Amino acid sequence: MTTVTPTAARIRPRRVTRPATRLAVLALLGLSAFYFLFPLWWLLVSATKPFGKQFSGTGLWFDGFGLFDNIARLSSHDDGIFWRWLLNSILYCGAGALIGTVLSALTGYALAKYDFPGRRVLFSLVLAAVLMPKVLFTLPLYLMFSSVHLIDNPLAVLLPSVVSPFGVYLARVFAEQSVHDEVLEAGRLDGASEFRIFLIIGVRMMLPALVTILLFQFVEIWNNYLLPAMVLGDDRLQPVTVGLVAWNASHVAVPPPLVVIGSLVSIAPLLLAFLALQRFWRAGMTAGAVK
């Protein structure tokens, strides 16, 4: 009689992938990469051309180099208001993403590690909020801020930005999987308060998920156009997305090449944030894939 050891029982034969399947997967990934990277390539090529040649030629390869002169023209237009818009976006996104991440971490940790009446109902409401497009709340938010005189106030952009149902959901799932109850009980036995346990133990174990939430929040606030366009009428308070759209709509007052150059400069903070947080972001996205 043959005896199967526990180690041998866990071994599973590797599935052999057919060449046609691998080729199909590679082709699909290549098409997806081309679809997403082609606009960025066109933007990079067009913005580096000498001023006035942004829409000449094929647009797929470089035709001279005038990036620094283009940035100088961008800085001098309308007393450098573009940099004011860019700074506004960084402030709105940085503050909103940071506060939103803290609130998501606290809420998700509480939903995962504490048992209280209505916890399941509250989490169901969070899931329902994840499925609701935020654009549906733009008009009600505008009417509410108008009634409390917050129009043309940065708080009208910051206050809705700190609420992230998806961040609460991700923090709750990650805390439930990565923050073990035994570790928390050890902290309680040592006499630590619940908030100290959260700061010392919970935050460190949830760090990959928190960085992922921070990056998602930053990108979401950066790409939000409709709400700032409605609640901010002062040009000096608008983010860069609203400002570039206004430039694009004014073909006479603003040369179209400036819109292309400004679009390239405006994505630089997003690329820097992604590259700086990529290691944590990848760890957070794969959390729970292997138990």
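Going by the structure above, here's the rest.
Residues numbered from 1 in each chain as written. Predicted model: local features only at pLDDT ≥ 70, side-chain atom pairs only at ≥ 80, totals over all residues. Heavy atoms only, no water.

1. Let's talk about the packing of helix α4 (residues 81-113) against helix α14 (residues 256-266)
And then number 1: Interhelical geometry of α4 versus α14 gives an angle of 30° and a closest axis separation of 11 Å. With respect to their mutual orientation, α4 and α14 come out roughly parallel. As α4 packs across α14, the resulting crossing turns out to be right-handed. Contacts from Phe82, Trp83 and Leu86 of α4 reach α14 at Gly262, Val265 and Ser266.
And then number 2: Split by residue class, the contact of α4 with α14 holds 4 nonpolar, 2 polar and no charged. (Axes fitted to C-alpha atoms, helices over the stretch in contact; angles between N-to-C directions. Helix = DSSP H or I, 4+ residues; strand = E, 2+ residues; numbered from the N terminus. Parallel < 35°, antiparallel > 145°, perpendicular 65-115°, else oblique. Left-handed = near helix turned anticlockwise from the far one by under 90°. Contact = heavy atoms within 4.5 Å. Nonpolar A, V, L, I, M, F, W, Y, C, P; charged D, E, K, R; others polar.)

2. As for the environment of leucine 277
And then number 1: Tracing the backbone through its elements, the reader meets leucine 277 in helix α15 (residues 268-285).
And then number 2: Under the relative-accessibility criterion, leucine 277 is labelled partly exposed at 21%.
And then number 3: Once the C-alpha coordinates of leucine 277 and leucine 214 are considered, the two residues, 63 residues apart in sequence, prove to be 9.4 Å apart.
And then number 4: When near neighbours in sequence (up to four residues on either side) are disregarded, leucine 277 contacts Val211, Leu214 and Leu215. (Buried < 20%, exposed > 50% of the residue type's maximum accessible area, 1.4 Å probe, protein only.)

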